[in-house]
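Examination of the molecular architecture
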Amino acid sequence: MSSPIQYDFRSDTVTRPSPGMRDAMMSAPVGDDVFGDDPSVLALEGAVAKRLGKRAALFLPSGTQSNLAAVLSHCARGDEYVCGQEAHAYKYEAGGAAVLGSVQPQPLANDPDGSVPLALIEQAIKPDDPHFAITRMITVENTIGGKVLPCTYLSALAELSSRHGLALHLDGARLFNAAVATGVDAAMIAAPFDSVSVCLSKGLGAPVGSVLVGEEALIARARRWRKMLGGGMRQAGVVAAAGLYALENNVARLAVDHECAGVLASKLSDIEGLDVETPQTNMVFVTLSGARALALPAALAAAGVAVGGSDGGRRMRWVTHLDVDVAAVKYAADAARRFMNGETLRAA
Ligand SMILES: *Cc1c(COP(=O)(O)O)cnc(C)c1O
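Per-chain numbering applies: the sequence of each chain, read as written, is numbered from 1 onward. Where local features are concerned, this predicted model is filtered to residues with pLDDT of at least 70; where side-chain atom pairs are given and counted, the filter is 80 or more; whole-chain, interface and lining totals use all residues. To obtain the side-chain values, all non-hydrogen atoms of the structure were used and water was disregarded.

**Here we look at the overall build of the chain**
Working definition: helices are DSSP H or I runs of at least four residues, strands are E runs of at least two. Numbering for both runs from the N terminus. Tallying secondary structure elements over the chain gives 15 helices and twelve strands in all. Computed over its C-alpha atoms, the radius of gyration of the chain comes to 21 Å, within 12% of the 20 Å expected for a compact globule of 348 residues. Based on the C-alpha atoms only, the size of the chain along its principal axes is roughly 60 × 50 × 35 Å. Relative to its full complement of 348 residues, the chain shows a buried share of 53%. Within the chain, residue pairs in contact and separated by at least 24 positions form 73% of the contacts whose partners lie at least 6 positions apart. Of the side chains in the chain, 31 bear a positive and 36 a negative charge, and the two mean positions are spaced by 4 Å. Atoms counted for the radius of gyration: C-alpha only. Globule rule: 2.2 Å times residue count to the power 0.38. Relative accessibility thresholds used throughout: buried, under 20% of the residue-type maximum; exposed, over 50%; partly exposed, between the two (1.4 Å probe, protein chains only). Contacts are assigned to residue pairs with any non-hydrogen atoms lying within 4.5 Å of each other. The positive count covers Lys and Arg only, the negative count covers Asp and Glu only, and His and the chain ends enter neither. Taken as the charge location is NZ of Lys, CZ of Arg, CG of Asp or CD of Glu.

**Description of the pattern of salt bridges**
Close approach of charged atoms lets side chains of opposite charge pair. One side-chain nitrogen of Lys or Arg within 4 Å of one carboxyl oxygen of Asp or Glu is enough to make a salt bridge. Following the criterion strictly, the structure yields 18 salt bridges and no others. The residue R234 makes a salt bridge to D32 at a minimum N-O spacing of 3.2 Å. Residue R234 is located in the loop between α10 (216–228) and α11 (237–249), and its partner D32 is located in the loop between α1 (19–26) and α2 (39–51); the two are separated by 202 residues in the primary sequence. Take R234: its relative accessible area is 37%, and that puts it in the partly exposed class.

**With respect to the nonpolar core**
Residues belong to one nonpolar core when they are buried, are Ala, Val, Leu, Ile, Met, Phe, Trp, Tyr or Cys, and are joined through side-chain atoms within 4.5 Å. Ranked by internal contacts, the top residues of the largest apolar core, which has 52 residues, are L52, F59, I121, L157, V196 and V211. When residues of this core are assigned to their parent elements, the largest contribution, six residues, is made by α11. Setting aside residues up to four positions removed in sequence, I121 forms contacts with V82, L108, V116, I138, Y153, L157 and L160.

**Brief notes about unusual backbone geometry**
Geometrically, the link from N142 to T143 is a cis peptide bond, its omega value of 0° lying close to zero. With respect to the helices and strands, T143 occurs in the loop between β5 (134–141) and α7 (151–163). Phi is positive for D311, close to 60°, though the residue is something other than glycine. The class of D311 is partly exposed, set by a relative accessible area of 46%.

**Some thoughts on the site of the ligand**
Around the ligand, the neighbouring residues are S62, G63, T64, N67, H88, E93, E141, D171, A173, R174, C199 and K202. Here a polar contact is taken to be a pair of N or O atoms separated by no more than 3.5 Å, where protein atoms must pair a possible hydrogen donor with a possible acceptor and residues adjacent in sequence count only if both atoms sit in side chains. Side-chain polar atom of T64 to an oxygen atom of the ligand: 2.6 Å apart, as the coordinates give it. In the environment of the ligand, a nitrogen atom lies 2.6 Å from a nitrogen or oxygen atom belonging to the side chain of D171. Against a free-state accessible area of 380 Å², the protein chains account for coverage of 84% of the ligand. In terms of residue count, helix α3 (residues 63–74) provides more of the shell around the ligand than any other element does, three residues in total. Partitioning the shell around the ligand into residue classes produces two nonpolar, five polar and five charged. Here a residue counts as near a molecule or strand whenever at least one of its heavy atoms sits within 4 Å of it. The Shrake-Rupley method, run with a 1.4 Å probe sphere, supplies the accessible areas, and residue values consider only the shown protein chains as cover. Residue polarity follows a fixed list, in which Ala, Val, Leu, Ile, Met, Phe, Trp, Tyr, Cys and Pro are nonpolar, Asp, Glu, Lys and Arg are charged, and the others, Gly among them, are polar.

Given below as structure tokens:
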């Protein structure tokens, strides 16, 4: 039986707005963002555009809608975009680009480091021939599965896409994790891309929201798509203020989440039956072997520790964030060790 969740490692989306963030929401000046006059939304869009070195920005309710609006703004019916097989925008967004946009995805296998090999991309780009969809765009994700795409890869990707006249979109839901982990400015990472989507609702700790950035003309198209997709929000400043607060207060501290992930990984890696991947940012993946290890996620749940899983329960995903500190990490890792040593776990 599961106890109430005390330590929630399932995702960085579970973060609750902090008192400071709630104060900022409470006192946010608002207007009507569909009319374009909500001052808090305008402030957020301006701040994100500036921070990512782009000319314009659009606040949307979710990352899914932001990626979809980007695809629809770059591609027309009968076009295609090249992406990784593991890309969120392809795999975890209900096929929106195909369903709602008549845009065909061309997924390609990701390498273990998260990148999509440039040679594969090059081969997948279709010649101008009536048999084929029109290849219009390449999309990548950074971080992907908690991994940072190397800067050298991104510059080679930019060269490839411009050589073929393709648009380049970045699903940067966790772009700031990549920036903080590498010490490379987020605007530098964003520079080669025509559009970038960032999530405010993951490690940055806002309750909802994503921002899409790019050139003015592209963002104007995305604004129309957002309206069509039902993402035009009225006194959206209440939530935009949370995003602005997150941007000002919660970016540099992502380093703490990365440190916690490191501590967690090193503690878990001492336990037999657990094969732990060294984390680059705030995600720790663990492969479980043996019956006892396979029972670990349920045992942790009984001790109030929730973790994510995949691969039929053989793989655990632990995500660190604002609401799990190093004490929580130590408690959880200790609970895992005790269970693997034969103890029965109970709520703390
Ligand atoms: C969470 C996430 C999204 C989608 O964001 P939602 O706000 O949950 O729709 C897109 N891409 C990546 C990489 C994500 O992690």
